[in-house]
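Structural characterization, general
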Amino acid sequence: MGKPANIVVLTGAGVSAESGIDTFRDGGGLWEQHRVEDVATPEAFERDPNLVLRFYDMRRAAIQTKLPNPAHDALARLDREWRGKLLIVTQNVDDLHERAGAARVLHMHGEHLNAWCTYCDGRSRWTGPLIDRPACPRCGSRALRPDVVWFGEMPYRMDEIHAALGEADLFVSIGTSGAVYPAAGYVRLAREMGVQTLELNLERSQGSAWFHETRLGPASELVPAWVDEVLGA
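Rules used in this analysis
- Residues numbered from 1 in each chain as written.
- Predicted model: local features only at pLDDT ≥ 70, side-chain atom pairs only at ≥ 80, totals over all residues.
- Heavy atoms only, no water.
- Helix = DSSP H or I, 4+ residues; strand = E, 2+ residues; numbered from the N terminus.
- Rg over C-alpha atoms; globule rule 2.2 N^0.38 Å.
- Buried < 20%, exposed > 50% of the residue type's maximum accessible area, 1.4 Å probe, protein only.
- Contact = heavy atoms within 4.5 Å.
- Areas by Shrake-Rupley, 256 points an atom, 1.4 Å probe, with all protein chains shown as cover.
- Pairing = 2+ DSSP bridges.
- Axes fitted to C-alpha atoms, helices over the stretch in contact; angles between N-to-C directions.
- Phe/Tyr/Trp six-rings, centres within 6.5 Å; stacked < 30°, edge-to-face > 60°.
- Lys NZ or Arg CZ within 6 Å of the ring centre and 35° of its normal.
- Arc of directions from axis to C-beta.
- Polar contact = N/O pair within 3.5 Å; in protein donor to acceptor, adjacent residues only side chain to side chain.

What about the overall build of the chain?
Helix and strand content of the chain: 10 helices and nine strands. In terms of C-alpha radius of gyration, the chain reaches 18 Å, essentially the compact-globule figure of 17 Å for 233 residues. Principal axes of the C-alpha set define a box for the chain whose edges measure 55 × 35 × 30 Å. Split into buried and exposed, the 233 residues of the chain put 50% on the buried side. Relative to all contacts within the chain whose residues are 6 or more apart in sequence, the contacts with residues 24 or more apart total 64%. As displayed, the chain offers around 10,900 Å² of accessible surface, 50% of which is attributable to carbon and sulfur atoms.

What to know about the sheet that holds strand S3 (residues 105–107)
Judged by pairing direction, the sheet is parallel, and its six strands sit side by side in the order S3-S2-S1-S7-S8-S9 without closing on themselves. Edge positions in the open sheet fall to S3 and strand S9 (213–216), since each of these has one partner strand only. Each strand axis lies, on average, 15 degrees off the axis of its neighbour in the sheet, ignoring direction. Where strand S7 (residues 170–174) meets strand S8 (residues 196–201), five bridges bridge the pair, whose relative direction is parallel. Looking at S8, one finds that Leu 170 is bridged to Gln 196.

Here's the deal with the packing of aromatic side chains
Enumeration according to the criterion identifies four aromatic pairs in this entry. Between Phe 45 and Trp 150 the ring centres are 5.4 Å apart and the planes differ by 50 degrees, which places this aromatic pair in the tilted class. Here Trp 150 lies in the loop between strand S6 (144–148) and helix H8 (158–167) and Phe 45 lies in helix H4 (residues 42–47), a separation of 105 residues in the sequence. Since its relative accessible area comes to 2%, Trp 150 is described here as buried. On the numbers, 6.4 Å between centres and 10 degrees between planes, the contact of Phe 171 with Phe 211 is stacked. Taken together, the residues span a long stretch of sequence, with Phe 171 in strand S7 and Phe 211 in the loop between S8 and S9 at a distance of 40 residues. The exposure classification of Phe 171 matches that of Phe 211, with both residues buried. Members of the aromatic cluster, each reached through a chain of ring pairs, are Phe 45, Phe 55, Tyr 56 and Trp 150. Looking at Arg 145, its charged tip hangs above the ring of Trp 150, at a distance of 3.7 Å from the centre.

Concerning H8
Among the residues of H8, those classed as buried are Met 158, Ile 161, Ala 164 and Leu 165. Summarising the axial view, the buried residues of H8 lie within an arc of 125 degrees, below the 170-degree limit, and thus occupy one face. Every exposed residue of H8 that faces more than 90 degrees away from the buried side is listed here: Asp 159 and Gly 166. Along its buried surface, H8 packs onto strand S1 (7–11), strand S2 (86–90), S3, S7 and helix H9 (186–192).

Considering the side chain of Asn 69
On the secondary structure map, Asn 69 appears in the loop between helix H5 (49–63) and helix H6 (70–81). Here the side chain of Asn 69 touches Ala 71 through a polar contact of 2.8 Å, landing on its backbone nitrogen. If sequence neighbours within four positions are ignored, Asn 69 has contacts with Val 15, Ser 16, Glu 18 and Ser 19.

Description of the environment of Glu 229
Tracing the backbone through its elements, the reader meets Glu 229 in helix H10 (residues 219–232). Overall, the relative accessible area of 42% leaves Glu 229 in the partly exposed class. As for Glu 229 and Pro 70, which are separated by 159 residues in sequence, their C-alpha atoms are 15 Å apart.

This is the structure in structure tokens:
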């Protein structure tokens, strides 16, 4: 694989799992206590908003106690030192990429530490609870919800992601299951565009067959080694 000029990195739950953030799909993860239909759909919020708000208040509080791990640190180093184009597209709704120091980050599924006002469509940084229906800092209405993309909703900034893939020489998927679309389809899209593809994952994903190369192991080991390789190439 020659030295790329432009890189798109996709990160999933496996990157943050080593920081102690539960994944939805692993045994003992969040879905063990709550069904998707109960906490992660617009219909759930309409049916039982208190349950949904309590769930996300708990997640928001928990994430603020976690720290970036070596995978986050390595990607932040790549962001600092890479002179070509770089976009870190994350499916994760935590802020560990940013806390590690990465700036070129796009949260396609939203952010736990944001609140979205469904009345004025404003988004505000939010670190406290929402269960008590606090007022929107922008318009004063009490229509705040988690700024998280639920199942059945459209991920954010899709045009930007597709444009970045169109300019990329290398697409790297890290810690993803390959089960959640549209992100799971990016490797196929990249291949169709002639982009080199690399998977770094704890185990083979549902989309592994589409990658030119797959490396298996913990993200905290694989990602720093890959970043060293790319920056030293």
